[in-house]
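Now for the letters of each chain:
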Amino acid sequence: MYRKIKAQDLRPGMYVVDVGLSWLENPYLYMTEGVLADEEAVGRVLSEGYEEAVIDLRRCLEGSVPDDLAELEPLTDAEHVSRAVSATADSPVSAVAQRVPVAQEMLAAKAIYSESITFVRGFMEGAREGRPVDLKAAEPLVEDIIQSVSRNAGALIGFAKLRAYDLYTYTHSLNVSLLAVAFGKYLGLDTVALRQIGLAGLFHDLGKALIPDFILNCPGRLTPEEFSVMKRHPVLGRDVLPGGGRIPDMVLEGMLQHHEKFNGTGYPAGLKGDAISEAGRIIAVVDVYDALTSKRPYKNAMLPNKALSILYSMAGEEFYPGYVEHFIKCIGIYPVGQIVRLNTGQVGVVSATDPAVPLRPEVIVVRDPLGRPAPPRLIRLADVISVSVTETLEAAHAGIDAARVLQDGAAS
Ligand SMILES: [Fe+2]
Ligand SMILES: [Fe+2]
């Protein structure tokens, strides 16, 4: 399991993890993976100006981790996250919507996703060319997202991670929007607030359209001057939206505050604690989750259970207390669309999750224990206690098309 620590607390023998976040937005997070060999290696990290690092407690050498950080028992990411969230109070959450089966919602989710991508692309490119951004035009799309999430949140969330698109700037804005809607619904936001949080997600990085290309496409670490330009993207985004006074509060807050951190070390305003609005808290969590689980030119997509574990290592300090835990309950430790191996040797696709039993989702089995294609069959792990998930597998494992499996459904 992971811990995010201050760079000055790094010690020789600690195993530092490359979480694969963008250097553009996280220039002070040390992300070169491996064991820090000696004091000199630690000194180098500090002298290069890094302020934080994520360490993997399971891979740190013995004696390198102080007692207050060390874990008593080695747990898998999933077990670790599950324990963390089961210790969290349940209120004020409402149930994750599964009013219709995921198979029934997949086609609608697919259509909403591709239509929205075209829209996001349009307004981002427009902003870049100086054309005004029409917030109103996004409202019907956000309405469609809310409706789909209300019917079955897993379909759109699953589809977002299984898509074949690779235009990160656009998919990221859309994913943040739909994850924010799903999370907002889980937290009990009313319809008006859901519309605003959906718009906030869609437009949260609008200001990036105005950041010069040489910074956005910078292959290495930004200089402090370049980073200070990058840090202006939340404010630039607000300035691009027409009619300051008519923009709903949550949209503005989500845009302006998605890089603020609970401990006050974020940007652009360095807000702290309760000064960060609910929209800011929600977008911050889903923004990092989507960044971690997205494929980029310089890294593969991180498996959700690892991403959730990394996110959890930042809870409290970075994110408003309780929000990471609730988000994990909302999307599930094994989210819809995740390919998993069971202790029977069978392989399948998660088709539904239950916050009450996060380690026991519903799985559509499509491979037998010998890895041969099998007729799709639904297993509800909550009902079959002898069967459990042993491993999460990369998307497209063994040629499995998870989106197709979800769409086709299975016999119970
Ligand atoms: Fe951002
Ligand atoms: Fe973002």
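Residues numbered from 1 in each chain as written. Chains lettered and ligands numbered in written order. Predicted model: local features only at pLDDT ≥ 70, side-chain atom pairs only at ≥ 80, totals over all residues. Heavy atoms only, no water.

Leu10, Val19, Ile197, Phe203, Leu206, Leu311 and Phe327 are the most contacted members of the largest nonpolar core, which has 128 residues in total. Here the element with the most residues in this core is helix H4 (residues 135–162); it accounts for 12 residues. Judged by nonpolar contacts, the second largest core, of 8 residues, contains Ile211, Ile215, Leu236 and Tyr267. (Core = buried A, V, L, I, M, F, W, Y, C linked by side-chain atoms within 4.5 Å. Buried < 20%, exposed > 50% of the residue type's maximum accessible area, 1.4 Å probe, protein only. Helix = DSSP H or I, 4+ residues; strand = E, 2+ residues; numbered from the N terminus.)

Before going further, it helps to examine unusual backbone geometry. Omega for the peptide link from Tyr267 to Pro268 comes to 5 degrees, which places this bond in the cis form. In this fold, Pro268 is placed in the loop between helix H10 (249–257) and helix H11 (278–293).

Judged by how many residues are buried, helix H12 (residues 304–313) sits mostly within the fold: 8 of 10 residues are covered. Pro304, Asn305, Ala307, Leu308, Ser309, Ile310, Leu311 and Ser313 are the residues of H12 that are buried.

The next point concerns the domain arrangement of the protein chain. Think of interface size as the accessible area that goes away when the parts come together; that is how it is often given. Split by domain assignment, the protein chain resolves into domain 1 (2–74), domain 2 (102–331) and domain 3 (339–408). Using C-alpha coordinates to define each centre, domain 1 is positioned 34 Å away from domain 3. (Domains from an automatic or database assignment.)

Glancing now at the pairing of strand S5 (residues 52–56). A large share of S5 lies buried, amounting to 4 of its 5 residues. Here 5 bridges tie strand S1 (residues 2–6) to S5, and the two strands are oriented antiparallel to one another. Looking at S5, one finds that Tyr2 is bridged to Asp56. For strand S3 (residues 29–30) and S5, the ladder comprises 2 bridges, and the chain directions are parallel. Within the sheet, the bridge partner assigned to Leu29 lies in S5 and is Glu52. (Pairing = 2+ DSSP bridges.)

Time to look at the sheet that holds strand S8 (residues 362–367). Taken in spatial order, the 5 strands make up an open sheet running S9-S8-S7-S6-S10, and their pairing is antiparallel. A single partner strand is all that each edge strand has here, and the edge strands are strand S9 (373–380) and strand S10 (389–393). Averaged over all adjacent pairs, the angle separating strand axes in this sheet is 35 degrees, with direction ignored. (Axes fitted to C-alpha atoms, helices over the stretch in contact; angles between N-to-C directions.)

The next thing to look at is the packing of H11 against H12. Where H11 meets H12, the axes come as close as 9 Å, and the angle between the chain directions of the two elements is 135 degrees. Comparing their axes, H12 and H11 come out oblique. Where H11 crosses over H12, the handedness of that crossing is right-handed. For the pair H11 and H12, the contacting residues are Val285, Val288, Tyr289, Leu292 and Thr293 in the first and Pro304, Ala307, Leu308, Ile310 and Leu311 in the second. Split into classes, the residues belonging to the contact of H11 with H12 amount to 9 nonpolar, 1 polar and no charged. (Parallel < 35°, antiparallel > 145°, perpendicular 65-115°, else oblique. Left-handed = near helix turned anticlockwise from the far one by under 90°. Contact = heavy atoms within 4.5 Å. Nonpolar A, V, L, I, M, F, W, Y, C, P; charged D, E, K, R; others polar.)

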